[in-house]
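# Breakdown of the fold
Residues per chain, in single letters:
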Amino acid sequence: MDTTQKGAGYAWRNFIFIFLCGVSFAISLMVVPAGMGMLIEYFQCSASEAGWFMSFTSVAGTVIAFFTAPIQAKIGPKNMVLLGMACIIIGDAICLFATDVTLFYVGRFIFGLANGLLATAAPTLIAILFRDPSKRGLPNSVWALWIPIGQIIIMLLFAYLVSTFGGWQAAFVFALIFAAAATVCCFFFITIPKERQMEAVAGTANVKISDAFKSPYVILCFLMVLFFAFAMSCYSSFAPTYYQMAGGMGLAEANNLNSIGTFAGIVGSLVVGVILGKVTNQPMVLFGAWIFAGIAMGIAFMFTDPALIIATCIAWGLLSNMIMPAVFTNVEWATPDPSVIGAAFGLLAIASNGGGIPAAPIVGALVDATGNWMLCCIPPAIASVLGIVCAAIFFAKRGPVCVRAMMEKETRAKS
């Protein structure tokens, strides 16, 4: 039976197992920030070198993003999810048994390939399952939480796993088991017919990312995501370590605080989604989100008082997570050619991964050189200012276009 003839229960059952795969990636990703201090001690490396534990995943995600369209067109989205899960399992296994920094880098690079594979295949499967665009908003919003949910799980469990089973390796064992279970579920319980999958991706093999550069406003969106990914990664890669070193918190306390910031981020994403659905000037919302988030990201490493660290963490989580939903919503206003939108999202995927590449090593180098966490505010502050400038230009140029289109839509609906 075709998916169009099946009910909402079928669609949501399949979606649960797609989401489970995404959460699996996030758990493995965030094992490193959760135990950064332990990894530095184990490998006897500098904070700058340890920063590449996260950056190599971004390098891999950036590289694979150029090829996800032809891969998906050839093997289908479900098989691409399975390929991504294989990368997670292999990468985690290498990291688990790594005895030196170089081998750990290799494992994180292989693992990072899963980011581009899952980020491309999952939205495709969602579009197949929820054929009516008006029914796609909720599953897309839930899917956007794959990283925060996985982050919360590992941050809350990390200290327990380490204390109960000993060493950071216990967290990777947990991540491996979770990934293996998610892979089995994906294989057996995502039951979308292969022919329906291949029909949905037909013609995407020839998508050219370069087409997105036809619009200067798509370039502005690209830059906003690039600056955001950099500023975000500066903080997220070292946040628990910062809480411990600057705020004097214990491991469990630091990771629990990080989870609170993630919960705030989930709220921020949902709030901005509601706001974007109610206004006629969506670029204005994007500009406002950048102003508030830019301030939060720019002061993220400023304090040593635990109370101020907690307040900053919550503000950072709440406000910074408003930017990506706002950018994605505004891509529609970035180009007058709908055929370029697909290429634009591919370009944003590259920016999302590429922006994070230098972030952790730069922050690590500052900590190594000075031991002063306040100086670590400088890189994300610069990126935030640049992002605000891009958002201001986009608002000035595309705001009127958005308002005009929204008003015309309302007029047509009333007539």
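Here the structure is a predicted model, which means the values were calculated and not measured.

What counts and what doesn't
- Residues numbered from 1 in each chain as written.
- Predicted model: local features only at pLDDT ≥ 70, side-chain atom pairs only at ≥ 80, totals over all residues.
- Heavy atoms only, no water.
- Helix = DSSP H or I, 4+ residues; strand = E, 2+ residues; numbered from the N terminus.
- Rg over C-alpha atoms; globule rule 2.2 N^0.38 Å.
- Buried < 20%, exposed > 50% of the residue type's maximum accessible area, 1.4 Å probe, protein only.
- Areas by Shrake-Rupley, 256 points an atom, 1.4 Å probe, with all protein chains shown as cover.
- Lys, Arg positive; Asp, Glu negative; His and termini not counted.
- Charge placed at Lys NZ, Arg CZ, Asp CG, Glu CD.
- Core = buried A, V, L, I, M, F, W, Y, C linked by side-chain atoms within 4.5 Å.
- Contact = heavy atoms within 4.5 Å.
- Axes fitted to C-alpha atoms, helices over the stretch in contact; angles between N-to-C directions.
- Parallel < 35°, antiparallel > 145°, perpendicular 65-115°, else oblique.
- Left-handed = near helix turned anticlockwise from the far one by under 90°.
- Nonpolar A, V, L, I, M, F, W, Y, C, P; charged D, E, K, R; others polar.
- Arc of directions from axis to C-beta.

## A look at the overall build of the protein chain
Secondary structure assignment for the protein chain yields 19 helices and 0 strands. The globule rule puts the C-alpha radius of gyration for 415 residues at 22 Å, and the 21 Å found for the protein chain is close to it. Within the protein chain, buried positions represent 53% of all 415 residues. Accessible area for the protein chain stands at about 16,800 Å²; split by element, carbon and sulfur atoms hold 70% of it. Positive and negative side-chain charges of the protein chain, numbering 19 and 16 respectively, have mean locations separated by a distance of 14 Å.

## Details of the nonpolar core
Core analysis: the biggest nonpolar cluster contains 133 residues, and Phe 43, Phe 53, Phe 104, Tyr 235, Tyr 243, Trp 290 and Trp 373 have the highest contact counts within it. For this core, the element with the most residues is helix 1 (residues 8-34), which contributes 15 residues. Discounting chain neighbours no more than four positions away, the residues touching Phe 43 are Phe 53, Ala 98, Thr 99, Asp 100, Val 101, Phe 104 and Trp 168.

## Topic: the packing of helix 1 against helix 3 (residues 47-65)
Contact geometry of helix 1 with helix 3 gives a least axis separation of 9 Å together with a crossing angle of 155°. Our classification of the angle between helix 1 and helix 3 gives roughly antiparallel. As helix 1 runs across helix 3, the sense of the crossing is left-handed. Residues Leu 29, Met 30, Val 32 and Pro 33 of helix 1 form the contact with helix 3, whose own contacting residues are Phe 53, Met 54 and Thr 57. The residue makeup of the contact of helix 1 with helix 3, split by class, is 6 nonpolar, 1 polar and no charged.

## Considering helix 4 (residues 68-75)
Within the span of helix 4, buried status applies to Thr 68, Ala 69 and Gln 72. All buried residues of helix 4 fall inside an arc of 100° around its axis, so they share one side. Buried residues along helix 4 sit in contact with helix 3, helix 5 (77-97), helix 6 (101-129) and helix 10 (194-201). One or two residues past the end of helix 4 sits Gly 76, with phi positive at roughly 90°.

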